[in-house]
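# A structural walkthrough
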Amino acid sequence: MFDQEGGFIAAWPQFGQPSSVFVSRDDTIYVGASFRQPGAKKGELRGIVIGNARDGSLTGFIPDPTDLDTVENGTSASGIAADRDGSIFAADVGAHNLRKYVKVK
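Let us look at the structure shown here. (Residues numbered from 1 in each chain as written. Predicted model: local features only at pLDDT ≥ 70, side-chain atom pairs only at ≥ 80, totals over all residues. Heavy atoms only, no water.)

This brings us to the sheet that holds strand S6 (residues 88-92). Hydrogen bonds between backbone groups are what pair the strands of a sheet, and the pairing can be parallel or antiparallel. Taken in spatial order, the three strands make up an open sheet running S5-S6-S7, and their pairing is antiparallel. Where the open sheet ends on each side, the last strands, each with one partner, are strand S5 (79-82) and strand S7 (97-101). Neighbour-to-neighbour, the strand axes of the sheet open up by a mean angle of 15°, direction not taken into account. Two strands pair when backbone bridges link them, and S6 and S7 are joined in this way by five bridges, in the antiparallel orientation. Across the sheet, alanine 90 pairs through a bridge with arginine 99, a residue of S7. (Pairing = 2+ DSSP bridges. Helix = DSSP H or I, 4+ residues; strand = E, 2+ residues; numbered from the N terminus. Axes fitted to C-alpha atoms, helices over the stretch in contact; angles between N-to-C directions.)

In structure tokens, the structure reads:
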């Protein structure tokens, strides 16, 4: 993270290698990310990491539903947004689709 002048503030490695970030009005952070994991397909785990944008705590993870053997390049959530109801929208460049995750209450 960086301040408005580009000065370094902190690094949060718990969010993996991000490809997209969205912060909602209630300070929930949604990160489309990948994690190195030798036993996983193509050596990485992909998905959406959910957490608190104020303190960096993690609150959830949505694994990528796409079979990585069918993806040449791109990540599971190259673009990401959420609405006020908690639905998450992920633009999946690798699989050429848009996914919507609905929060179950």
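This brings us to the pattern of salt bridges. A side chain of one charge can pair with a side chain of the opposite charge when the charged atoms of the two come close. Following the criterion strictly, the structure yields two salt bridges and no others. Ionic pairing is found between arginine 54 and aspartate 27, a salt bridge with its closest N-O pair at 2.7 Å. In this pair, arginine 54 sits in the loop between strand S3 (44-52) and strand S4 (58-63) while aspartate 27 sits in the loop between strand S1 (17-23) and strand S2 (28-36), placing the two residues 27 residues apart along the sequence. Looking at aspartate 27, the relative accessible area reads 22%, which means it is partly exposed. The partner of arginine 99 in a salt bridge is aspartate 92, and the shortest N-O contact between them spans 2.5 Å. Look at aspartate 92 and you get buried, because its relative accessible area is 4%. (Salt bridge = Lys/Arg side-chain N within 4 Å of Asp/Glu carboxyl O. Buried < 20%, exposed > 50% of the residue type's maximum accessible area, 1.4 Å probe, protein only.)

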